Amino acid sequence: MTETMKRIALAERPKGAPSLNNFRLEQIPMPQPGDDEVLVRVLYLSLDPYMRGRMDDAKSYAAPVEIGATMEGGCVAEVIASNSDRLKPGDIVNGMFGWASHGVLPAKQLRKVDPEVAPVSTAVGVLGMPGFTGWLGLNEYGRPKAGETLVVGAATGAVGSMVGQLGKIYGLRVVGVAGGADKCAFAVNDLGFDACIDHRAAPDSATLREQLAAECPDGIDIYFENVGGKTLEAVLPQMNVAGRIPICGMIAWYDLGGLGLGGGDGKDQLPKAWRTILVRRLSVNGFIIMDHYDRFPDFLKEVGGYICDDRLHYREDIAEGLEAAPQAFLDMLKGGNFGKQLVKVGEL
């Protein structure tokens, strides 16, 4: 076993859009496991939009990453040393080890992964937190009914692709919004969406609204919110009475810092949005997935079955090496990834 490990630390907080200067690759002493702890070798690191919020020193549902601390992130890893009777060397686990080559955590904070069920990378993707987020948000707050119309932002991402495919399984008309013609084609041809609109080809929210209206002739019953920005502006006027909006993320506004109030265009859209929520009697629910992990076994049972039956598909975008994580993260925030963004840190 080597005596050192690699990690990527937060070097400085971003001002606006993050850059490579915000990160620092470091070599530090290898940690040692204490009582009931395990030492692991990271195999895959998950890169997710929520990490952008952790870079800001702003009050939120979780504490920000401290300057000089390891960037936060979920991982799939192999146990290489254990002081717990729950796990042994060679076991594959899922846990929050961060942007690092190795890590130590208490065994009780880890979920054991069975590599015989699916590729281990899926434990931080379609069968992990992102997939669970899509399943929980749609079922708990979208409350889908067969025959309704569902619109999904960031439709080919890890969360959006789960939401859209579940919508089709549940009997809904599903319209995606994605960035680029190739992603839109993937949503329709591979994921089974009824239609997908390229938001990059729409110069403004009014154009996007017209395109959505053509694909949603009966209005929109559920909008799964991942992006904010002009997609939200295009969707809101077309929501049906008693429509539902699960709010999972708002990546278009993350670089505004803090809560991103005002939308970033100098115009206060809140009064118009608030009135729409009132007159359309909308249910708008923000949710944080860490509040719902008691439902995770139900998710695995249902979605695992769909994958085994080939009714649900997934795509992964894998960067090679821990050193590649910062650039892959920056690209992801701009929509440069295609599918669930992972970093392959080590070999199984």
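Residues numbered from 1 in each chain as written. Predicted model: local features only at pLDDT ≥ 70, side-chain atom pairs only at ≥ 80, totals over all residues. Heavy atoms only, no water.

Peer 1: If you had to explain empty space enclosed by the protein to someone new, which residues and values would you point to?
Peer 2: In total, this model carries one cavity of 30 Å³ or more according to the counting rule given. Around the largest cavity, the lining comprises 18 residues; the ones closest to its centre are Val 126, Ala 158, Ser 161, Tyr 314 and Arg 315. Ranked by residue count, the leading element in the lining of the largest cavity is helix α3 (residues 158–169), at four residues. Here the lining of the largest cavity is composed, by residue class, of six nonpolar, nine polar and three charged. (1 Å grid on protein atoms, 1.4 Å probe; cavity = no way out; pocket = protein on both sides within 12 Å on 5 of 7 lines; lining within 4 Å. Points joined across faces, edges and corners; volume = space filled by probe spheres on them. Helix = DSSP H or I, 4+ residues; strand = E, 2+ residues; numbered from the N terminus. Nonpolar A, V, L, I, M, F, W, Y, C, P; charged D, E, K, R; others polar.)

Peer 1: Tell me about the pairing of strand β12 (residues 239–247), and name the residues and values.
Peer 2: Taken together, the two bridges between strand β11 (residues 220–224) and β12 define a ladder with parallel strand orientation. From the neighbouring strand, Ile 220 faces β12, where its bridge partner is Met 239. Taking the sense of rotation as the criterion, the β-α-β connection linking β11, helix α6 (residues 229–235) and β12 turns out right-handed. Bridging between β12 and strand β13 (residues 283–286) involves four bridges; their strand directions are parallel. Residue pairing in the sheet places Arg 244 in a bridge with Ser 283 of β13. (Pairing = 2+ DSSP bridges. Right-handed = clockwise from strand over helix to strand, strands pointing away.)

Peer 1: Give a detailed account of the layout of surface pockets, specifying residues and quantitative values.
Peer 2: Looking at the second largest pocket, its volume works out to about 200 Å³. If you list the elements that add at least two residues to the lining of the second largest pocket, you get β7 (111–113) and α8 (296–308).

Peer 1: Lay out the packing of aromatic side chains with the relevant residues and their values.
Peer 2: Per the counting criterion, the structure on display carries 13 aromatic pairs. Measuring from centroid to centroid gives 6.1 Å for Phe 132 and Trp 135, while their planes differ by 25°, and the two rings are stacked. Remark: Trp 135 and Phe 132 occur in helix α2 (residues 129–142); sequence separation between them is three residues, near one turn of the helix. Judged by centre distance (5.0 Å) and plane angle (55°), the ring pair of Phe 132 and Tyr 293 falls under tilted. A residue pair is termed long-range when its members are at least 10 positions apart, and Phe 132 in helix α2 and Tyr 293 in the loop between β13 and α8 qualify at 161 residues. Judged by relative accessible area, which is 0%, Phe 132 ranks as buried. Residue Tyr 293 is classed as partly exposed on the basis of its relative accessible area of 36%. An aromatic cluster is built from Phe 132, Trp 135, Tyr 293, Phe 296 and Phe 299, whose rings are joined through pairwise contacts. Looking at Arg 315, its charged tip hangs above the ring of Phe 186, at a distance of 5.5 Å from the centre. Sitting over the ring of Phe 338, Arg 315 keeps its end group 3.6 Å from the ring centre. (Phe/Tyr/Trp six-rings, centres within 6.5 Å; stacked < 30°, edge-to-face > 60°. Buried < 20%, exposed > 50% of the residue type's maximum accessible area, 1.4 Å probe, protein only. Lys NZ or Arg CZ within 6 Å of the ring centre and 35° of its normal.)

Peer 1: Explain the sheet that holds strand β9 (residues 173–178) to me, and be specific about the residues and the numbers.
Peer 2: Taken in spatial order, the six strands line up as β10-β9-β8-β11-β12-β13 in an open sheet, and their pairing is parallel. The open sheet has two edge strands, β10 (195–198) and β13, and neither has a second partner. If you compare each strand with its neighbour and ignore which way they point, the axes differ by 15° on average. Across the sheet, α3 is in contact with β8 (149–153), β9 and β11; its angle to β8 comes to roughly 170°. (Axes fitted to C-alpha atoms, helices over the stretch in contact; angles between N-to-C directions. Contact = heavy atoms within 4.5 Å.)

Peer 1: For the environment of Ala 17, give the residues involved together with the corresponding values.
Peer 2: Note that Ala 17 resides in the loop between β1 (4–10) and β2 (23–29). Taking the C-alpha atoms as reference points, Ala 17 and Gly 321, 304 residues apart in sequence, are found 23 Å from one another.

Peer 1: Describe the confidence of the model for the protein, and please don't skip the residues or the numbers.
Peer 2: One rule of thumb: low pLDDT means the predicted coordinates there are not for detailed reading. Model confidence for the protein is summarised by a mean pLDDT of 94, while 96% of its residues fall at 70 or above. Considering only residues more than four positions removed or in separate chains, one finds that residues 259–264, a stretch of pLDDT under 50, has five contacts. (pLDDT = per-residue confidence, 0-100.)

Peer 1: For α8, give the residues involved together with the corresponding values.
Peer 2: Between the first and last C-alpha of α8 there are 18 Å, a value that for 13 residues agrees with the 18 Å anticipated at 1.5 Å per step. Buried residues of α8: Phe 296, Phe 299, Val 303, Gly 304 and Tyr 306, and no others. The buried residues of α8 occupy one face: seen down the axis, they fall within an arc of 155°. Structural note: α8 exposes Pro 297, Lys 301 and Cys 308 on the side pointing more than 90 degrees away from its buried face. In this structure, the buried side of α8 is in contact with β7, α2 and α3. (Expected span 1.5 Å × (residues − 1). Arc of directions from axis to C-beta.)

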